[in-house]
Amino acid sequence: MGRFARAGAMVCALAVTASVALTGCGPDPQKPAFVGGGPSGAPETGVAAPVGDRASGAPAPNGGTVPVSPADGATNRPVSTEIAAGTPDVKITDVKLTSADGKPVAGTARTDGSSWVPAAPLKYGTRYTATVTGTAAAGQVTGTSTFTTMKKPKSLIGSGLYLFDDKTYGVAMPVVTEFSPGIPKKDRAAVQKRMFVQTDPPQPGAWHWVSNGTQAYYRGAEYWTPGTKLTVRIALEGIPLSNGKYGNVDRRASAKIGRAFEMKVENATKQMTVSENGQVVKTLPVSLGKKSTPSSSGTMVVMEKKEATVFDTRDDPDPANRYVTDIDFAQRLTWGGEYIHAAPWSVQHQGRRNVSHGCVNVSMDNARWLFQKTLVGDPITITGTERQLAAGNGWTAWSLSWAEFVKGSALPVPDGGEGATLAL
């Protein structure tokens, strides 16, 4: 066990960070402390969802004019508002949106044509005019609406995105979003509809919420194809929630997936098998957690890498687990403090018996070799230990089967996953 603190963990493409107290080889998960986000204040009165005002009854007329959502004359609309037809059977093909000063607003229609999403949040307290073109069963229809957005609210959530622009990640890297406080269950579908992921080449995926709503993961049914480009927009600024809070900011990131690199550890043999692009490249001895502090069995991903750090567990409730130790080549696997790291003091036990406080101990040479090879997002699967990986203890998107994973989505998931819902 050990603790090292860091500021600015790999969070938020737009400079918001989630800093956490990092405990090495600790027995229990820790919830990440959240730093950043928006100002807080008295809750504002909730407003309708981003795409409101759509009629649920009459179909579009046979050509001609249709009502628009937001309705003409609507006020106090959230800046996350999307533009849609006021009747449900119209597929949006084009929207011209301009602010009161005549400046055009860029945007894109959803792939299903249900609405048009501005490329950036609308401005607070601003009047807009939308001209909508769409298709219905009888042909092309159009409509126009002028509406006004709300003033900036005072009570905002905090949010984070664990993805950096222009970085390369491992094939198991999930898209990880974080919220403080957690998103209420009744709001998750609306929030999820505003979280967009595009992959090139296309690979269907799905979102999964942890039970308290503080994190959501996006992954495919299988690991990403090496070389995939991930483009992400978490478009939450201004989205109204049922607890009186609003989304704080839109976040974007574009990153690349590198080569296929995978680590598998078997407790029975106390060996780690390392594969790259489907070929075994090295097998090395390990020592896992002893019975009183076992390592977690399950599939984890490398979350962070520190070439040199200090594990400090002097606040552990068990005096036997308190120490301060210099650590080389530390690679975080869980929030609870499990790492791969160099442990020259346990070389004689590696491959023979478990003596750690939950970490994967390897020799200095092997730790250095691994550290030079791995990327954040590379998977490691540990099997046969006394403890199963707890959901949410790290980026646990791969600790569930695909069938179990999709059950955590707030929206229905097509067989095999859903493709991009918006071109980014």
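Each remark here, short or long, concerns the structure printed above.
All residue numbers here refer to positions counted from 1 along the written sequence of the relevant chain. With the structure being a predicted model, the display of local features is reserved for residues of pLDDT at least 70 and the display and counting of side-chain atom pairs for 80 or more, all residues being used for whole-chain, interface and lining totals. No hydrogens and no water enter the side-chain calculation; it runs on all heavy atoms of the structure.

Undergrad: Give me the pattern of salt bridges: which residues, what numbers.
TA: Here, a salt bridge means any side-chain nitrogen of Lys or Arg that lies within 4 Å of a carboxyl oxygen of Asp or Glu. Overall, the coordinates contain nine salt bridges when judged by the stated rule. For the salt bridge of K96 with D94, the shortest nitrogen-to-oxygen distance reads 3.7 Å. According to the relative accessible area criterion, K96 is exposed, its value standing at 53%. For the exposure calls, accessible area comes from a 1.4 Å probe over protein chains only, and a residue counts as buried if that area is under 20% of its type's maximum, exposed if over 50%, partly exposed in between. Assessed through its relative accessible area of 29%, D94 is described here as partly exposed.

Undergrad: Please set out the sheet that holds strand β16 (residues 205–209) residue by residue, giving values where relevant.
TA: Each strand in a sheet pairs with its neighbour through backbone hydrogen bonds, running either in the same direction (parallel) or in the opposite one (antiparallel). As summarised here, the arrangement of the four strands in space is β12-β14-β17-β16, forming an open sheet in which the pairing is antiparallel. In the strand order of this sheet, the two ends are held by β12 (158–161) and β16, each with one partner. Across the sheet, the axes of successive neighbouring strands diverge by a mean angle of 15°, strand direction being ignored. Judged from the five bridges that link them, β16 and strand β17 (residues 215–220) form a sheet pairing that is antiparallel. From the neighbouring strand, A206 faces β17, where its bridge partner is R219. A pair of strands counts as paired when DSSP detects no fewer than two bridges linking them. Strands here are runs of E lasting at least two residues and helices are runs of H or I lasting at least four, both read from the DSSP assignment and numbered beginning at the N terminus. Between N-to-C directions, angles span 0 to 180 degrees; the directions come from axes that are lines fitted to C-alpha atoms, helices contributing only their stretch in contact.

Undergrad: Break down the environment of A342 for me, with residues and values.
TA: Within the secondary structure, A342 is located in strand β26 (residues 339–342). When the C-alpha positions of A342 and R368 are compared, they lie 7.7 Å apart, and in sequence the two are 26 residues distant. Residues are treated as being in contact if the distance between any of their heavy atoms lies within 4.5 Å. Setting aside residues up to four positions removed in sequence, A342 forms contacts with D328, F329, V362, S363, M364 and A367.

Undergrad: Can you explain the packing of aromatic side chains? Please cite residues and give values.
TA: Two numbers describe a pair of aromatic rings. These are the distance of the centres and the angle of the planes. Stacked, edge-to-face and tilted are the three classes for Phe, Tyr and Trp ring pairs, Trp counted by its six-membered ring, which pair at centre distances within 6.5 Å; planes under 30 degrees apart are stacked, over 60 edge-to-face, the rest tilted. The tally for this structure, following the rule as stated, stands at nine aromatic pairs. For the ring pair Y162 and W395, a centre distance of 5.3 Å and an interplane angle of 70° mean the geometry is edge-to-face. Remark: W395 occurs in the loop between β29 (387–388) and α3 (402–405) and Y162 occurs in the loop between β12 and β13 (168–169); sequence separation between them is 233 residues. We classify W395 as buried; its relative accessible area is 2%. For the cation-ring pair, K305 lies above F371, with the distance from its terminal atom to the ring centre recorded as 4.5 Å. Either the NZ atom of lysine or the CZ atom of arginine qualifies as a charge over a ring when it sits within 6 Å of the ring centre and within 35 degrees of the ring normal.

Undergrad: Kindly report on the nonpolar core, identifying the contributing residues and their values.
TA: Definition of nonpolar core: a set of buried residues of the types Ala, Val, Leu, Ile, Met, Phe, Trp, Tyr and Cys, connected through side-chain atoms within 4.5 Å. With 41 residues, the main nonpolar core has L163, F179, V191, M195, W207 and W395 as its most contacted residues. Of all the secondary-structure elements, those providing two or more residues to this core are β14 (175–180), β15 (195–200), β16, β17, β18 (229–235), β19 (250–257) and α3. The next biggest cluster of nonpolar side chains, apart from the first, holds 22 residues, and it includes V286, L288, V362 and I380.

Undergrad: Please set out unusual backbone geometry residue by residue, giving values where relevant.
TA: The omega torsion across S180 and P181 is 0°, close enough to zero to call that bond cis. Of note, P181 is situated in the loop between β14 and α1 (188–192). Backbone torsion omega between D200 and P201 reads 5°, so that peptide bond is classified as cis. By the secondary structure assignment, P201 is in the loop between β15 and β16.

Undergrad: Give a description of the pairing of β17 that names residues and reports values.
TA: Remember that side chains alternate between the two faces of the sheet whenever the strand is regular. Of all six residues making up β17, six are buried, and the element is well covered by its neighbours. Residues Q215, Y217 and R219 of β17 are buried on one face, and the alternating residues A216, Y218 and G220, pointing to the opposite face, are buried as well. Bridge count for β14 against β17 is four bridges, and the pairing is antiparallel. Opposite T177, over in β17, you have A216 as the bridge partner.

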